[in-house]
Amino acid sequence: MEPIKQHEGLIYPLDRSNVDTDQIIPKQFLKRIERQGFGQFLFYNWRFNDDGSLREDFSLNDPMYKEATVLVGGENFGCGSSREHAPWAIQDYGFKVVIATSFADIFYNNCFKNGILPIVLPRHEVNDLLNQAKEEKVMIGVDLVNQLVKSDHGLVSAFDIQPYHKDMLLNGWDEISVTLNYAEAIDQYETEKAK
Amino acid sequence: MGRPKTIVEKIWDQHVIHKEEGKPELIYIDLHLVHEVTSPQAFEGLRMKKRKVRRPDRTFATMDHNVPTRHRHIIKDQISKKQMDTLEQNCEEFGIPLADINHPDQGIVHIIGPQLGLTQPGKTIVCGDSHTSTHGAFGALAFGIGTSEVEHVLATQSLWQATPKTLQVKVDGELGTGVTAKDLILAIIAKFGVRFGTGYVVEYTGEAIRKLSMEERMTICNMSIEAGARAGLISPDDTTVEYLRGKRHAPKDEEFEAAAEEWKSLATDPGAEYDAHVEINASKVEPQVTWGTNPSQCVPVGAKTPDPSVLDDAQEQDSIQRALDYMGLEANQEIQSIPIEHVFIGSCTNSRISDLRKAAEIVKGGKVHKDVTAIVVPGSHSVKQQAEAEGLDTIFLTAGFEWRDAGCSMCLAMNDDIVPPGERCASTSNRNFEGRQGNGARTHLVSPEMAAAAAIEGTFVDVRKFGATVGG
Ligand code: SF4
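Residues numbered from 1 in each chain as written. Chains lettered and ligands numbered in written order. Predicted model: local features only at pLDDT ≥ 70, side-chain atom pairs only at ≥ 80, totals over all residues. Heavy atoms only, no water.

Each side of the interface is counted separately: chain B has 67 residues, and chain A has 55 residues. Interface area for chain B against chain A, summed over the two sides, is near 5000 Å², with a carbon-plus-sulfur share of 49%. The largest contributions to the chain B side of the interface with chain A come from Q41, W160 and R195 of chain B, which together make up 12% of the buried area. Between chain B and chain A we count 11 salt bridges in total. (Contact = heavy atoms within 4.5 Å. Buried area = accessible area lost by both parts, 1.4 Å probe. Salt bridge = Lys/Arg side-chain N within 4 Å of Asp/Glu carboxyl O.)

So, on to the sheet that holds strand β2 (residues 25–28) of chain B. Residues and elements named next belong to chain B. Reading across the sheet, the 3 strands line up as β1-β2-β8 and stay open at both edges, with antiparallel pairing between neighbours. If you trace the sheet from one side to the other, it starts and ends with β1 (16–18) and β8 (158–161), each paired once. Put simply, the sheet's adjacent strands are angled 40° from each other on average, direction ignored. Where β2 and β8 come together, 4 bridges link them in antiparallel fashion. Note that in β8 the partner of E25 across the bridge is Q161. (Pairing = 2+ DSSP bridges. Helix = DSSP H or I, 4+ residues; strand = E, 2+ residues; numbered from the N terminus. Axes fitted to C-alpha atoms, helices over the stretch in contact; angles between N-to-C directions.)

Applying the stated rule across the entire model yields 26 aromatic pairs over all chains. Here the aromatic rings of F43 of chain A and W46 of chain A are separated by 5.6 Å at their centres, their planes lie at 15°, and the arrangement is stacked. Exposure class is identical for F43 of chain A and W46 of chain A. Each is buried. Ring pairing ties together the aromatic residues F77, F103, F107, Y108 and F112 of chain A, which thus form one cluster. Sitting over the face of the ring of F38 of chain A, R32 of chain A holds its NZ or CZ atom 5.4 Å from the ring centroid. A cation over an aromatic ring shows up here: K165 of chain B above the ring of Y200 of chain B, its NZ or CZ 4.7 Å from the ring centre. (Phe/Tyr/Trp six-rings, centres within 6.5 Å; stacked < 30°, edge-to-face > 60°. Buried < 20%, exposed > 50% of the residue type's maximum accessible area, 1.4 Å probe, protein only. Lys NZ or Arg CZ within 6 Å of the ring centre and 35° of its normal.)

For the rest of this paragraph, the subject is the sheet that holds strand β4 (residues 117–120) of chain A. Residues and elements named next belong to chain A. Strand order in the open sheet formed by 7 strands is β4-β3-β2-β1-β5-β6-β7, and the pairing between neighbours is mixed. The sheet is open, and its two edges are formed by β4 and β7 (156–158), each paired on a single side. Going across the sheet, the axis of each strand differs from the next one's by a mean of 30°, ignoring polarity.

Set out below in structure tokens:
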């Protein structure tokens, strides 16, 4: 996994609450057995008409957001199905950071395993970002080391992240390798409690 | 005796392998359930790093999400077939027991775990599927994980997890006639919202919960994730013990009695404290119908759709309007005036034998409305056999329902059981998200009884009145 320390990128505002993982990546794309290549199907039913043409009424199709790498959403982002295909699609499409007022648990966890930084900010700050980014291009800088975001419209905000999650992203850890350092403790647990 | 503890604390303490200040804890996983959709990339990851499955004997796989529910011997969808074949190869390569599409134990992963007695009180259970919360009905700590975590559990039989916070949902009173566990959990989510459980493990307590059968408890715990909670559970009691007696993977004879005592001792101690608490009275709950695109957008069957124009909050207005538009509904529309085209009785929420019995009770003697296509998809092969032994298939078939083979089917429409764009389905499943049952499909979540009644009427109808006039 690629580490993240700092990131600067263009915001794409998705002003909807309860965006579920069925929307992020509809089930017809879950049949693939690879990890790559899901970006083309991101928000598929919102982005495309039945005939496969782009839907003009969906903002991600607006050329203004073509280079976006920071997705700003509303409340309860990523709820529903546990499918990791959702963060795979978001990452593969080119997003590195997702900012929202709150996240669903499984999605939030899945982000860290895939080098995506999920950031929770207070509602008024998220609303400001959404409103500005709907009008014009807004760049935002994210500094994971110091846990700060700064937009070019003057928002400066600190965010919380658990130290374990932070280390994972900063180092681009393979979590299984980390755990295998505890193999002895697992062996011992099995001998004592879980034969 | 020390401080009174919740069941969650007790299970947690028994499973910690390693802990350090300020870090998540490494906990042991007793049972890992696997299905075809969320596992291929995990096995691939193991192969790339030349890792083995640590405990194939604590892992159990089945095929459910993709499987066709008719004409099973010929799988037309080649991509689905590839995913099933991949699971088969992976299970063989890594030595994992598999109930494949032709196996007598095949079924929806959350139906077969309990049925085989693999699901037991006090266990930590995970699966790459958000409705793993279902197994919590037994007093197990069961939760959904992503594919990276599936790989992690395969390799290490453990997971890094923060100590859970607990939320008590206390349900006093008693459910009225014709009001089901499904209505109760929908009413809970409607009342407290799709986020109230986020970050918590929910424990359902109270008189109304104690009176529920195991199968009803599974319906409740199943939908915990729809309230944002990764896990929901119910303390084990005699109902739990009796359900497990004689199950294939449950302990036998004296060992069973010893296990039963241990299971019951896991129940939350009187006076134990939770991090948060909500209450609802079961006697006030009515049969529910969702009108929108998340499970909290739900009202009693006698009510109307909401009117966004009376709300102050612009975001709230917008999300209600968006849901009404998607669902093809107006504000202030009577729920009972909404015509439907499809009925789906199935899914890990409501496809156990008791669900099918109750639906059949309503259907008996009636005919499916001429404008409705109705299917029944039993949750597992053995539920199907049991139903056939009881003659339920004949009741459904005579009424004009289709009688299918076991799988997830129209719950998420990954196989060819799909609701066409713009059409409306009364469904006993758990998610009414946009496109869940097919692109543009409109889903209304209901109980099996309500779905059965709607199939016959062609519109939603209060099953309490229906029961009195038809068949009964
Ligand atoms: S029945 Fe539906 S909710 Fe249950 S496991 Fe299958 S797809 Fe998921």
